[in-house]
Amino acid sequence: MLVKDSQKLLPHAIPEIEALAGMVLEIPPHGISLHPKSIDLLFETARSGKPILLFQPHLPVTSELGLSPYPVLAYLYPQTLASQLEPFFQELARRSHDTKNLPSAFTLIRSREPEEIVHYFADHYGKAAKPAFVRAIIGNTCNLKCVMCPYHGPDIKPTHTTDFFQGNRAMSWEMLVRLARDCGAFGTSVSVGSVEEPLLHPHITDFVRLCRQKGVPRVHLTTNGQLLNEARSLELLEAGLTSLDVSLDATDAETYRRIRGSDFGRVKANIDTFLHLRDRLKIPCSIRTSFIRNANIPPEAEAQFKREWLAEVDSVFFLNVAKYEETNMRIQGANERAKRMVHSYLLQMGGRWPCSFPFTEMAVLPDGRVYYCIETVFRLGFDGATESMGDYRYQNLQEIWQGEAFQRFRRDTLLHQLEHRRACRDCEMWRSQVVSHTQQDGFHVMETEVTKIYHKKSRS
């Protein structure tokens, strides 16, 4: 057997060299060593007569729910087919190792033992895949005080037990520059506006522009829209913003004033202006309006919101309201279709599966702390002891993503050893990673237990 292993990633001498004469074992140079049990499984399958084998680590359920595909870490194939297979392997790498719909001659081998799972998804995952996106928490202030907001709400903010939302903690321009550079190098998207009104930051447009100049593929902004005047809209579009979410939560001025305490007519006019500029300038930026299902909002208001805004924007987003209760955020109510899917996965796994957040995202705070999911962001007003995955003042994103803290966290997640992790121990947000996809009234509908999104056909 011919072994191609330029980075010396095989952990020991291969005993099957003579038994598998005429075969090639090729180890692509991803810098990730193969676990001995993976090699044993590869050879066991080869001896059964399968001609062309690929080995790709896989995390049951969690990978199915949206993790970036793990690189293919080994190919085993007849030496006589080497020249024919090389273009296929190159194409597979270009497709980010998407092994769906392989030709019938190929057999896909996946990790199945607990030791393999930990090896690939805890010890080496930082090398294998990049975060899908980074939440840039660029401030802690907002110009509205919405009744349901866990960060700035007039009833909730006085109950905070941390000082994160006191004063003004805007992210420095120096940190924004580093963030744009690191996300560009990572090829990772950026999302702004998780806890703050981003249009209050004096450098928001410059940040969007710099992200795009540095190679960030997508920059998303969530805003209440009150400051989204014509000049700001034009600046953001020309800077390269790729998607915009405007939080509304109402269909009329009275309800909007009760929930958000501001001018409904202004935000509606601002959205119309943004749409007009986008279409006139032919800039590809998708626009979504969102609606939180607050108490005492009649069902017909949601139907009206959907009907009116789907005639204008690219998608509408409905979210069940959340409250901080004792230790974690709790979503009030659950969408039934997604709830049934969650139950099916729970039966399949015999309980909870590993949460995908440690494998898909990072949240960078203005003070350099790095959190790892929406639940930790929810807790900013209530829990100052959440472990940071690193310090962005002194480390870059790659160092943190591949670092010891993330490795430990992923290991704990895989092994369900979460008793000492306050944010995870009683969390339910991992259930929201199950997504139902359906077609309804000509729209693509994505539904989780806590959200429902109606999409128009994708813009070209």
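Below is a summary of the structure that appears in this document. Keep in mind that this is a model prediction, so the values were computed, not measured.

A few points about the nonpolar core
At step 1: Formed by 132 residues in total, the largest nonpolar core has its most connected members in L25, L76, F121, L179, F207, L241 and L397.
At step 2: Apart from residues lying up to four places away in sequence, L241 is in contact with V208, V219, H220, L221, L236, F274, P284 and C285.
At step 3: Formed by 12 residues, the second largest nonpolar core is a distinct cluster that contains V24, Y77, L85 and L92.

Quick look at empty space enclosed by the protein
At step 1: For the coordinates displayed, the defined rule picks out 1 cavity of 30 Å³ or more.
At step 2: Volume-wise, the largest cavity comes out at about 100 Å³.
At step 3: As for the largest cavity, its lining consists of 14 residues, and the residues nearest its centre are R352, C355, F357, F409 and C424.
At step 4: Of all the secondary structure elements, the ones that give two or more residues to the lining of the largest cavity are α12 (357–360), α15 (404–414) and α16 (422–425).
At step 5: Here the residues of the lining of the largest cavity sort into 11 nonpolar, 1 polar and 2 charged.

A word on the side chain of S247
At step 1: Residue placement: S247 occurs in strand β9 (residues 243–247).
At step 2: Sequence-distant contacts of S247, that is, excluding residues within four places in its chain, are made with T222, T223, N224, R260 and S290.

As for the packing of aromatic side chains
At step 1: Summed over the entire model, instances satisfying the criterion amount to 23 aromatic pairs.
At step 2: Ring geometry for F88 and F106: centres 4.5 Å apart, planes at 35°, overall tilted. Taken together, the residues F88 in helix α2 (residues 82–94) and F106 in strand β5 (residues 106–109) connect sequence positions 18 residues apart. Each member of the pair F88 and F106 is classed as buried.
At step 3: Members of the aromatic cluster, joined through ring pairs, are F55, Y70, Y120, F121, Y125 and F359.
At step 4: Between R178 and the ring centre of Y392, over which it is positioned, the NZ or CZ distance is 4.2 Å.
At step 5: Directly above the ring of W401 sits R410, whose terminal nitrogen or CZ lies 4.4 Å from the centroid.

With respect to the pattern of salt bridges
At step 1: This model, assessed by the stated rule, comprises 26 salt bridges.
At step 2: Note that E235 and R232 form a salt bridge whose closest N and O atoms lie 3.6 Å from each other. Here E235 pairs with R232, and both are found in helix α7 (residues 230–239), just 3 residues apart, close to one helical turn.
At step 3: The salt bridge partner of D391 is R393, with a shortest N-O separation of 2.7 Å.
At step 4: Residue R393 is classed as partly exposed on the basis of its relative accessible area of 47%.
At step 5: A cluster of three or more residues bridged by salt bridges with shared partners is formed by E387, E404, R408, D412 and R421.

Considerations on the sheet that holds strand β1 (residues 2–4)
Backbone hydrogen bonds are what pair the strands of a sheet, in a parallel or an antiparallel way.
At step 1: Strand order in this open sheet of 5 strands is β1-β2-β4-β3-β5, and the pairing throughout is mixed. Single-partner strands in this sheet number two, and they are β1 and β5. On average, each strand axis in the sheet is tilted by 15° relative to the strand beside it, whichever way the strands run.
At step 2: Across the face of the sheet, helix α1 (residues 36–47) comes into contact with β2 (23–26), β3 (52–55), β4 (74–78) and β5 while running at roughly 160° to β3.

Observations regarding the layout of surface pockets
At step 1: Empty space within the second largest pocket amounts to approximately 340 Å³.
At step 2: Around the second largest pocket, the lining is made up of 16 residues, and of these S63, L67, P69, K100 and R110 lie nearest the centre.
At step 3: When its residues are assigned to classes, the lining of the second largest pocket shows 5 nonpolar, 7 polar and 4 charged.

Quick notes on the packing of helix α5 (residues 173–186) against helix α6 (residues 204–213)
At step 1: Two elements in contact, α5 and α6, have axes whose closest approach is 9 Å; the angle formed by their N-to-C orientations is 25°. The angle between α5 and α6 falls in the class roughly parallel. The chirality of how α5 crosses α6 is right-handed. Residues W173, L176, V177, L179 and A180 of α5 touch α6, and the partners they reach there are D206, F207, L210 and C211.
At step 2: Tallied by class, the residues present in the contact of α5 with α6 amount to 8 nonpolar, no polar and 1 charged.

Thoughts on the sheet that holds strand β16 (residues 436–440)
At step 1: Spatially, 11 strands are ordered β15-β14-β6-β7-β8-β9-β10-β11-β18-β17-β16 in an open sheet, and the strand pairing comes out mixed. Whereas interior strands pair on both sides, the edge strands pair on one side only; in this sheet they are β15 (370–371) and β16.
At step 2: Contacts between helix α10 (residues 299–310) and the sheet are confined to β10 (286–293), β11 (315–320), β16, β17 (443–447) and β18 (451–455), with β11 contributing the most and set at about 155° to the helix.

Calculation criteria
Per chain, residue numbering runs from 1 following the sequence as it is written. Only residues with pLDDT of at least 70 get local features here, since the model is predicted, and only at 80 or more are side-chain atom pairs given and counted; chain-wide, interface and lining totals rely on the full set of residues. The basis for every side-chain value is the complete set of non-hydrogen atoms in the structure, without hydrogens or water. We call a set of buried Ala, Val, Leu, Ile, Met, Phe, Trp, Tyr and Cys residues a nonpolar core when their side-chain atoms join them within 4.5 Å. Each residue's exposure class comes from its accessible area (1.4 Å probe, protein chains only) as a fraction of the maximum for that residue type: buried when under 20%, exposed when over 50%, partly exposed otherwise. The contact criterion used is simple: two residues touch if any of their non-hydrogen atoms lie within 4.5 Å. A cavity here means a set of points on a 1 Å grid, drawn over the protein atoms and nothing else, where a 1.4 Å probe fits but cannot get out; a pocket is an open set with protein on both sides within 12 Å along at least five of seven lines, and a residue lines either one if it has an atom within 4 Å of a point. Grid points are joined across faces, edges and corners, and a volume is the space filled by probe spheres set on the points. In DSSP terms, a helix is any run of H or I states spanning at least four residues, a strand is any run of E spanning at least two, and both are numbered starting from the N terminus. Under the convention adopted here, Pro, Cys and the residues Ala, Val, Leu, Ile, Met, Phe, Trp and Tyr are nonpolar, Asp, Glu, Lys and Arg are charged, and Gly plus all remaining residues are polar. Here the aromatic set is Phe, Tyr and Trp, taking the six-membered ring for Trp, and pairing holds for ring centres within 6.5 Å; pairs whose planes are under 30 degrees apart are stacked, those over 60 apart are edge-to-face, and all others are tilted. In this scheme, Lys NZ or Arg CZ marks a charge over a ring once it lies within 6 Å of the ring centre and within 35 degrees of the ring normal. For salt bridges, the criterion is a side-chain nitrogen of Lys or Arg within 4 Å of an Asp or Glu carboxyl oxygen. Strand pairing follows a simple DSSP-based rule, namely that at least 2 bridges must link the two strands. A fitted line through C-alpha atoms serves as each axis, taken over the contacting stretch for helices, and the angle formed by two N-to-C directions is quoted from 0 to 180°. In what follows, roughly perpendicular refers to angles from 65 to 115 degrees, roughly parallel to angles under 35, roughly antiparallel to angles over 145, and oblique to any angle outside these ranges. A clockwise turn of the near helix away from the far one marks a right-handed crossing, whereas an anticlockwise turn of less than a right angle marks a left-handed crossing.

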